[in-house]
Amino acid sequence: MIQNNDNQIPMVGIITEIFEETSDVKTFRVVNSKGDKAFDHMPGQCAMLGVPGVGEAMFSISSSPTNTKFMEFSIKRVGVLTEYLHKLEPGDQITIRGPYGNAFPVDTALKGQNILFVAGGIALAPLRSAIRYVFDKREDYGYVDILYGARSPKDLVYRREIEKSWTEKPNTNVFLTIDRPDEDWDGHIGFVPDYFKKIGFSTDKVVVVCGPPIMIKFVLAILLEMGFKKEQVFTTLELRMKCGIGKCGRCNIGPKYVCVDGPVFRVDELDHIPDEF
């Protein structure tokens, strides 16, 4: 984990650009008051974004640490704070502090390995940082497979980036699926776990999965059925993070505090906690 002694002190963040990913997801590009990147981070870590008088919440950092000029956050409109953020424009200010939590082991367990990224819906946001990191250091990794699903074509986050960039990367395969038939879609139709099983990935890779709990549960069951070991699989529980420093107790699951012990976990580490993640 990157340590930052000032990660509890908010700084001014300035929104420089906003990208509309879907009808309810926007990506915000943010710099500090000097026009620089607010702080260093690694893939999988989070930041606290806030608006004085409105609220503050934890969000995964969706840009790669290889980008040294700004940070990006892909935010789904689901409540009071996110509703307010979605009304902001370039030039508006927010507060930002971090980083919080640990990171995906991109420089250790994933390095030199074939990697399979599996995501559903907005859960692609925390994986995007790791995916871009791997692409920017492509020679350090083996083959990359990305399986991503959403409810409909209009709900596929980063669709333009996926189709114009990710699919063109060397030794990379991208598999997209939507939940139900749509007249604007001629690709695969079906839920992520079903498509996962249909593709039949080989077990010579490390898996990074993020999505709704029910999706993770079914994907993990299929992984084990196919011969993968839990030690090969990593996930993130960043949606449970609240205060970021393990003080409020709202991220507690059994003996684990997601803020302090996570949000990234190797799946076998979750064997001894209540089945509620």
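For the structure, check the block above.
Calculation rules
- Residues numbered from 1 in each chain as written.
- Predicted model: local features only at pLDDT ≥ 70, side-chain atom pairs only at ≥ 80, totals over all residues.
- Heavy atoms only, no water.
- Pairing = 2+ DSSP bridges.
- Helix = DSSP H or I, 4+ residues; strand = E, 2+ residues; numbered from the N terminus.
- Contact = heavy atoms within 4.5 Å.
- Axes fitted to C-alpha atoms, helices over the stretch in contact; angles between N-to-C directions.
- Buried < 20%, exposed > 50% of the residue type's maximum accessible area, 1.4 Å probe, protein only.
- Core = buried A, V, L, I, M, F, W, Y, C linked by side-chain atoms within 4.5 Å.
- Polar contact = N/O pair within 3.5 Å; in protein donor to acceptor, adjacent residues only side chain to side chain.
- Phe/Tyr/Trp six-rings, centres within 6.5 Å; stacked < 30°, edge-to-face > 60°.

A. Broad picture of the sheet that holds strand S8 (residues 144-150). Read from one edge of the open sheet, seven strands run S10-S9-S8-S7-S11-S12-S15, paired in mixed fashion. Edge strands, defined here as strands with exactly one partner in the open sheet, are strand S10 (188-189) and strand S15 (264-266). With two bridges joining them, strand S9 (residues 172-178) and S10 adopt parallel strand pairing. Each bridged residue has a counterpart across the sheet, and for Thr-177 the counterpart in S10 is His-188. Helix H2 (residues 124-136) rests against strand S7 (115-120), S8, S9, strand S11 (206-210) and strand S12 (233-236) of the sheet, and its axis sits at about 155° to S7. On top of the sheet, helix H4 (residues 192-199) reaches S7, S8, S9 and S10; it is set at about 145° to S8, its chief contact.

B. Geometry of the pairing of strand S3 (residues 46-51). Counting buried residues along S3, six of its six residues qualify, which places the element largely inside the surrounding structure. Burial along S3 is two-sided: the face carrying Cys-46, Met-48 and Gly-50 and the face carrying Ala-47, Leu-49 and Val-51 are both buried. When S3 meets strand S4 (residues 55-60), the two strands line up antiparallel, connected through six bridges. Along S4, the bridge assignment pairs Gly-50 with Glu-56. When S3 meets strand S6 (residues 93-100), the two strands line up antiparallel, connected through four bridges. Opposite Cys-46, over in S6, you have Tyr-100 as the bridge partner.

C. Representation of the nonpolar core within the structure. Counting 35 residues, the largest nonpolar core has Val-106, Leu-110, Phe-117, Leu-124, Leu-127, Ile-131 and Tyr-148 as the members making the most contacts within it. Put simply, the parts of the chain that give this core at least two residues each are S7, H2, S8, S9 and S11. When residues in this core are grouped by element, the largest group, eight residues, is from H2. Dropping the residues within four chain positions of it, Leu-124 is found in contact with Ala-119, Ile-131, Tyr-148, Val-157, Tyr-158, Ile-162 and Trp-166. Within the second largest apolar cluster, 19 residues are counted, among which are Val-209, Met-215, Ile-216 and Phe-228.

D. Examining the sheet that holds strand S1 (residues 11-22) more closely. In space, the six strands of this open sheet follow the order S4-S3-S6-S1-S2-S5, with antiparallel pairing throughout. A strand with exactly one partner marks an edge of an open sheet, and here the two such strands are S4 and strand S5 (71-76). Averaged over all pairs of adjacent strands, the angle between their axes in this sheet comes to 40°, without regard to strand direction.

E. Main features of the side chain of Thr-177. Of note, Thr-177 is situated in strand S9. Taking the relative accessible area as the measure of exposure, Thr-177 reaches 1% and is therefore buried. One polar contact links the side chain of Thr-177 to the main-chain carbonyl oxygen of Gly-190, over a distance of 2.7 Å. Thr-177 has contacts with Tyr-148, Gly-149, Ala-150, Leu-156, Trp-185, His-188, Ile-189, Gly-190, Val-192 and Tyr-195, leaving out every residue within four places of it along the chain.

F. Summary view of the pairing of S1. Sheet topology places S1 next to S6; four bridges connect them, and they run antiparallel. Its bridge partner lying in S6, Val-12 is registered against Thr-95. Between the antiparallel neighbours S1 and strand S2 (residues 25-32) lie two residues.

G. Highlighting the packing of aromatic side chains. Tallied over the entire structure, the rule returns four aromatic pairs. Each ring, one from Phe-175 and one from Tyr-195, has its centre 6.3 Å from the other, and the planes form 80°; the classification is edge-to-face. Remark: Tyr-195 occurs in helix H4 and Phe-175 occurs in strand S9; sequence separation between them is 20 residues. Accessibility assignment for this pair places Phe-175 and Tyr-195 in one class, buried. Centre to centre, the rings of Phe-196 and Phe-201 are 5.2 Å apart; their planes meet at 55°, and the pair counts as tilted.

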